[in-house]
Amino acid sequence: MGDVKDKEACVLCSQPVEISGFSLTTRDGLKKFCCAGCLSIYQLLNEDNTKPTITPC
Ligand SMILES: [Zn+2]
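Residues numbered from 1 in each chain as written. Predicted model: local features only at pLDDT ≥ 70, side-chain atom pairs only at ≥ 80, totals over all residues. Heavy atoms only, no water.

Participant: Would you mind going over the packing of aromatic side chains with me for this structure?
Facilitator: Two aromatic rings, taken as a pair, are described by how far apart their centres are and by the angle between their planes. By the definition in use, this model includes 1 aromatic pair. Here Phe33 and Tyr42 contribute two aromatic rings whose centre-to-centre distance is 5.1 Å and whose plane-to-plane angle is 55°, an arrangement assigned as tilted. Phe33 gets classed as buried once you look at its relative accessible area, which sits at 0%. Residue class for Tyr42 comes out buried when judged on its relative accessible area of 9%. (Phe/Tyr/Trp six-rings, centres within 6.5 Å; stacked < 30°, edge-to-face > 60°. Buried < 20%, exposed > 50% of the residue type's maximum accessible area, 1.4 Å probe, protein only.)

Quick look at the structure:
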């Protein structure tokens, strides 16, 4: 293990994101997660923030 790149921290558990692909676009921007579990938990906790943009009348 030589190269330690700047890994992004999982938004939910703050662990380094080893695998890309678990990301979610929110109103605050792109959030990255270490695993599908964190992604879905975040999604549940932030349901309002992660829904596709819906503009009420
Ligand atoms: Zn995580």
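Here the narrative resumes.
Participant: Any chance you could explain the coordination of the zinc ion here in plain terms?
Facilitator: In ideal tetrahedral geometry, four donors around a metal make angles of 109.5 degrees, whereas ideal octahedral geometry with six donors gives angles of 90 or 180 degrees. Protein-derived coordination of the zinc ion comes from Cys10 (SG), Cys13 (SG), Cys34 (SG) and Cys38 (SG), at a distance range of 2.3 Å. For the zinc ion, the 4 donor atoms in the first shell make angles of 103 to 116° at the metal, a pattern classed as tetrahedral. (Donors = N, O, S within 2.8 Å, 3.2 Å for Na, K, Ca; no water. Tetrahedral: all angles 85-135°; square planar, octahedral: opposite > 155°, others 65-115°.)

Participant: Looking at this structure, how should I read helix H1 (residues 36-45)?
Facilitator: Two residues of an α-helix separated by three or four positions point the same way, owing to the 3.6 residues in each turn. For H1, the set of buried residues is Cys38, Leu39 and Tyr42. Across the axial projection of H1, the buried residues extend over an arc of 100°, all falling on one side. Buried-residue contacts for H1 involve strand S1 (23-26), strand S2 (29-32) and helix H2 (47-50). (Helix = DSSP H or I, 4+ residues; strand = E, 2+ residues; numbered from the N terminus. Arc of directions from axis to C-beta. Contact = heavy atoms within 4.5 Å.)

Participant: Can you help me understand the environment of Cys34 in this one?
Facilitator: Looking at the secondary structure, you find Cys34 in the loop between S2 and H1. Here Cys34 falls in the buried class, since its relative accessible area comes to 17%. Put simply, Cys34 and Ile19 are 15 residues apart on the chain and 6.5 Å apart in space, counted from C-alpha to C-alpha. Excluding its chain neighbours within four sequence positions, the residues that come into contact with Cys34 are Cys10, Cys13, Pro16, Val17 and Phe22.

Participant: Sorry if this is basic, but what is going on with unusual backbone geometry here?
Facilitator: Most peptide bonds take the trans form, and the phi angle of most residues other than glycine is negative. Positive phi, close to 70°, is recorded for Ser14, a residue that is not glycine. Relative to the elements of secondary structure, Ser14 occurs in the segment before S1.

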